[in-house]
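# What the coordinates show
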Amino acid sequence: MELTKAKKRNVELFVRYKMFSWDMLFYYAIVFLFFTQVKHISEADVFLAESAYPIFKVILLIPATIVIEEIGKRRSLIIGNMFVFLSIITYIFSDGFFSILLGEFFSALGYIIKGVCEANMLYDSLEKDEKRGINFSRIDGQATSWYYYIDAISSVASGFLFSINGYLPMICCAGTCLLSVILSLQFKEIDTDKTVGELIREDKEKTTVKKEWIELMKSSKTIFSSSRLKNLILFGAIFSGIFSVLTMLRSGLLSDIGVPSQYFGIIFAILGIISGISAKNQSKFHQAFRNRTLMKLSIPVGISCILMGILCKFNVIYILTIIGLLILFFIQYVAKGPFHTLIRRYLNNFTDTNMRTKISSCYNLLESLFRGLFYFIASLLLRCTSTDNVTIMLGCIFTIILVLLLDNMKGKVGLKPEEYDEKELDILQSK
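Residues numbered from 1 in each chain as written. Predicted model: local features only at pLDDT ≥ 70, side-chain atom pairs only at ≥ 80, totals over all residues. Heavy atoms only, no water.

### A look at the overall build of the protein chain
Scanning the protein chain from N- to C-terminus turns up 17 helices and 0 strands. Scored against the burial criterion, the 431 residues of the protein chain give a buried share of 57%. In the protein chain, once contacts between residues fewer than 6 apart in sequence are set aside, the share between residues at least 24 apart is 85%. Entry remark: accessible area of the protein chain is about 18,400 Å², with carbon and sulfur atoms responsible for 65%. (Helix = DSSP H or I, 4+ residues; strand = E, 2+ residues; numbered from the N terminus. Buried < 20%, exposed > 50% of the residue type's maximum accessible area, 1.4 Å probe, protein only. Contact = heavy atoms within 4.5 Å. Areas by Shrake-Rupley, 256 points an atom, 1.4 Å probe, with all protein chains shown as cover.)

Dropping the structure here:
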């Protein structure tokens, strides 16, 4: 009875938690302006600092995994949210590039922990039946959509607050991060897929960085022996990295063509609502496109990136450029909404809790590497050319990569359970 109550409480709490905690509120609409106009950091250095964030995540992955295994997902989630809060405080009081790097370190540590714990916290709290995956995507999609709605409101507010005082949106962001800490305190620890014997044995075994690194290498080797997991993780990590770098590129393009700061919030608020609607309807995307869902989401994003750069490069008629950019942003945000929930659903399908943690760690590692790589390339290019040229070049690279990945996934991803061979399913169940 206690376990059932704990599961039910976690599921009910998860929606409230994620709608405030999935990502930073009051942040993304103005962070580019905050660093460049308030802290006077160059655009190239902003991208360079952002490239350090995923590198920190890679470095911190092993220690973070040890912390999670030692103290459990609930306590780890609390600590992760505390470090995210600390990162915003660091940004507020930063006095230069290296202070921003320290904030990126705290943020990386927080989100590497949250990335492993959050989805698994919900998945562990759901009943193990044939509807588990469907229920996960429904609840996670609902929570994600609510986050986008709140993010839309905070984006509008942040644009106007920034025009009053550049620090006000960051102070509000710190407040919502503190709320995330408070909400995470209310979760209950759930670990129903492991036997009592396994839990006792794990408690007796001392975990070290060396041992954890060896275990991660073994897990990665096992995971990448699965064609399905290998392709899904590579695609998800690269596509997620593309979305990350587009966040800064969009702000850079708007700033370059002279859009006032107060309109940043309105633009990203509308886009946030669009993502919220598409996230809530992620099951409809899956049902409509089935094994072509990832293709339908990704290719338009790559092409829209190229067109964004072309529009801003020529910028013949200002109002037409703005309208064109908004249409292209719309395409990207429609794809962004359901993607994060769907890729987690696809990765978690057919797995047990032990394998889900390993998959999450591997996915987060590669996502960080590609995000860092894309930001680093953008930083180098920005030292040589303009933001619009960088956007065109990256758009071409992204589109080619996505087409090649999707071609390689044919016949390996999106199959029915009975269509996979027994070895593939054994890998997913840690056998």
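### Quick word on helix α3 (residues 43–71)
Between the first and last C-alpha of α3 there are 40 Å, a value that for 29 residues agrees with the 42 Å anticipated at 1.5 Å per step. L60 marks the point of greatest bend in α3, at about 50°, and the proline P63 comes within the next four residues. (Expected span 1.5 Å × (residues − 1). Bend = angle between axes of the 7 residues up to and from the residue.)

### Quick look at empty space enclosed by the protein
The full count for this structure, using the stated rule, is 3 cavities of 30 Å³ or more. Its boundaries defined by the atoms lining it, the largest cavity holds a volume of some 940 Å³. What lines the largest cavity is a set of 43 residues, and nearest its centre among them are W22, D23, Y28, H340 and R371. Mapped onto the lining of the largest cavity, the elements with two or more residues apiece are α1 (2–21), α3, α5 (97–125), α6 (132–164), α10 (227–256), α14 (318–348) and α15 (353–382). A class-by-class count of the residues in the lining of the largest cavity yields 20 nonpolar, 9 polar and 14 charged. Lining the second largest cavity are F20, S21, D23, M24, L25, N81, V84, Y111, K114, T176, C177 and S180. When residues in the lining of the second largest cavity are grouped by element, the largest group, 3 residues, is from helix α7 (residues 168–184). Per-class residue counts for the lining of the second largest cavity are 6 nonpolar, 4 polar and 2 charged. (1 Å grid on protein atoms, 1.4 Å probe; cavity = no way out; pocket = protein on both sides within 12 Å on 5 of 7 lines; lining within 4 Å. Points joined across faces, edges and corners; volume = space filled by probe spheres on them. Nonpolar A, V, L, I, M, F, W, Y, C, P; charged D, E, K, R; others polar.)

### Side note on the pattern of salt bridges
Taken as a whole, this structure holds 4 salt bridges when the rule is applied. One salt bridge in this structure joins R383 and D45, with 2.9 Å as the shortest N-O distance. Note that R383 is positioned in the loop between α15 and α16 (387–409) and D45 in helix α3, a separation of 338 residues in sequence. You can call D45 partly exposed: its relative accessible area is 23%. (Salt bridge = Lys/Arg side-chain N within 4 Å of Asp/Glu carboxyl O.)

### Points about the nonpolar core
Residues Y27, F47, I88, F235, F239, I242 and F339 are the most contacted members of the largest nonpolar core, which totals 123 residues. Among the elements that make up this core, the one with the highest residue count is α10 (15 residues). (Core = buried A, V, L, I, M, F, W, Y, C linked by side-chain atoms within 4.5 Å.)

### Regarding the packing of α1 against α7
Running from N to C, α1 and α7 cross one another at 160°; their axes reach a closest spacing of 9 Å. Comparing the axis directions of α1 and α7 gives the class roughly antiparallel. α7 is crossed by α1, and the crossing has left-handed handedness. Touching L13, R16, Y17, F20 and S21 of α1 are T176, L179, S180, L183 and S184, all from α7. For the contact of α1 with α7, a count of residues per class yields 5 nonpolar, 4 polar and 1 charged. (Axes fitted to C-alpha atoms, helices over the stretch in contact; angles between N-to-C directions. Parallel < 35°, antiparallel > 145°, perpendicular 65-115°, else oblique. Left-handed = near helix turned anticlockwise from the far one by under 90°.)

### Comments concerning the confidence of the model for the protein chain
The predicted model of the protein chain averages 83 in pLDDT, with 89% of residues at 70 or higher. In the model of the protein chain, helix α8 (residues 196–204) stands out as the element of lowest mean pLDDT, 42, in contrast to α7, which has the highest, 94. (pLDDT = per-residue confidence, 0-100.)

### So, helix α2 (residues 31–38)
Here α2 lies mainly inside the structure; 6 of its 8 residues are buried. Within the sequence span of α2, burial applies to V31, F32, L33, F34, F35 and T36. In the stretch just after α2, H40 is the one whose phi turns positive, near 55°.

### As for the packing of aromatic side chains
Per the counting criterion, the structure on display carries 20 aromatic pairs. Summarising the aromatic geometry, the rings of F47 and Y375 are spaced 5.7 Å apart at their centres and angled 50° between planes, so their arrangement reads as tilted. Of this pair, F47 sits in helix α3 while Y375 sits in helix α15, and the two are 328 residues apart along the sequence. F47 gets classed as buried once you look at its relative accessible area, which sits at 1%. Three or more aromatic residues joined by ring pairs make a cluster, and in this case those are Y27, Y28, F34, F35, Y91 and Y167. In this structure, R250 is placed above the aromatic ring of F329, and the distance from its NZ or CZ to the ring centre is 6.0 Å. (Phe/Tyr/Trp six-rings, centres within 6.5 Å; stacked < 30°, edge-to-face > 60°. Lys NZ or Arg CZ within 6 Å of the ring centre and 35° of its normal.)

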